[in-house]
Structures are given as structure tokens and as C-alpha cells.
Amino acid sequence: QVRLVESGGGLVQAGGSLRLSCAASGSIFSIKTMGWYRQAPGKQRELVASITIRGNTNYADSVKGRFTISRDNAKNTGYLQMNSLKFEDTAVYYCNGNPLVTLTTEGPYWGQGTQVTVSS
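Starting from 1, residues in each chain are numbered consecutively following that chain's sequence as written. The predicted nature of this model means local features are confined to residues of pLDDT at least 70 and side-chain atom pairs, given and counted, to a pLDDT of 80 or more, with totals for whole chains, interfaces and linings taken over all residues. Excluded from the side-chain calculation are hydrogens and water; included are all heavy atoms of the structure.

Chemist: Account for the state of the cysteines, with residues named and values stated.
Modeler: Two cysteine sulfur atoms form a disulfide, by the criterion used here, when they sit within 2.5 Å. Considering all chains together, one arrives at one disulfide under this definition. Sulfur-sulfur distance for the disulfide between Cys 22 and Cys 95 comes to 2.0 Å. On the S-S bond that ties Cys 22 to Cys 95, the torsion sits near -75°, and the link is left-handed. Separated by 73 residues along the polypeptide, Cys 22 in strand E3 (residues 18-25) and Cys 95 in strand E10 (residues 91-102) bring together distant segments of the chain. Segments assigned H or I by DSSP are reported as helices when at least four residues long, segments assigned E as strands when at least two residues long, and all are numbered from the N terminus.

Chemist: Could you give an account of the environment of Trp 36, naming the residues involved and the relevant values?
Modeler: Here Trp 36 shows up in strand E5 (residues 33-39). Note: C-alpha distance between Trp 36 and Arg 66 (30 residues apart in sequence) is 14 Å.

Chemist: So what's going on with the packing of aromatic side chains? Which residues, and what values?
Modeler: Two aromatic rings, taken as a pair, are described by how far apart their centres are and by the angle between their planes. When two rings of Phe, Tyr or Trp (its six-membered ring) have centres within 6.5 Å they constitute a pair, described as stacked for plane angles under 30 degrees, edge-to-face for angles over 60, and tilted for the intermediate range. With the rule as written, the count across this model stands at one aromatic pair. Between Tyr 37 and Trp 110, the ring centres sit 4.9 Å apart and the planes meet at 65°, which makes this aromatic pair edge-to-face. Of this pair, Tyr 37 sits in strand E5 while Trp 110 is found in strand E11 (residues 106-110), placing the two residues 73 residues apart along the sequence. Geometry around Tyr 79 places Arg 19 over its ring, the cationic atom sitting 4.1 Å from the centre. Over the ring of Trp 110 we find Arg 45, and its NZ or CZ is 4.7 Å from the ring centre. When the NZ atom of lysine or the CZ atom of arginine is within 6 Å of a ring's centre and also within 35 degrees of its normal, the charge is said to sit over that ring.

Chemist: Can you break down the nonpolar core residue by residue, with the values?
Modeler: Judged by nonpolar contacts, the single largest core of 29 residues is most densely connected at Trp 36, Val 48, Phe 67, Leu 80, Met 82 and Tyr 93. Secondary structure elements with two or more residues in this core: E3, strand E4 (28-31), E5, strand E6 (46-52), strand E8 (67-72), strand E9 (77-82), E10 and strand E12 (114-119). Two residues form a contact once any of their heavy atoms are found within 4.5 Å. Discounting chain neighbours no more than four positions away, the residues touching Phe 67 are Arg 38, Val 48, Tyr 59, Leu 80, Gln 81, Met 82, Asn 83, Leu 85, Asp 89 and Tyr 93. Among the buried residues, those of types Ala, Val, Leu, Ile, Met, Phe, Trp, Tyr and Cys that are joined through side-chain atoms within 4.5 Å form a nonpolar core. Any residue under 20% of the maximum accessible area for its type is buried, any over 50% is exposed, and the rest in between are partly exposed; the area is computed with a 1.4 Å probe on protein chains only.

Spelled out as C-alpha cells, the structure:
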């Protein structure tokens, strides 16, 4: 069974840093794109950053220059380094693999989310 598990969230003061991790487990053949999304209360889920299996990255304008996405393909693990955090970064952060390819399936998979709270 494929699982994506996020970790590293928590409470931090504005200007601080957090590093999120997303560990994918199961009979995974590959994960073409790993992405981090976030959803704040009352708002739609939005893309924060993504990285392809070749290392091409994409960032939301609101986090450019502050967040860095990376991945370890051998470990099927993704990371999101978040620096200079702002109050408006407060949200539940979700990891996404799309497509995540196993021996029998191919499609998007989501983690359960990790809460990031930035105090002003």
C-alpha cells in the first residue's frame, strides 16, 4: 500500500524556518512530480512548489526566494525548506506525488497533511 507521510510542521515565529519532509513508501516505481500544496482555513488548496524527477522546480510567487523544494529520488522523499516565514504561510501543508507509479497503478497520491502555524 502506498503512503505519503509528511512531517516537520509546527509552530514558529514570523521570520523563522521550518523544514517539511514527505516520505513515500510502498511498492513505488517512480514519482514523476512531487509537490507541496497548502490550504488555509476558508481558502482553496494551492500549489506552493513542485519538483520533477529531473529536478525542475516551480514555485508560487508568494514563496519565491523564501522556500526551497528538493527531493531524494533514491529514498522517494521530498523536502520543503521554508525560511523567512510569514503569518500568511499558516496552513495545512500537503505532499503530493503525481503521477506516482507502482507496479500496478499510476495516479496522484496525497499525504495526510501537516500543520504549519506562524505567529506574528
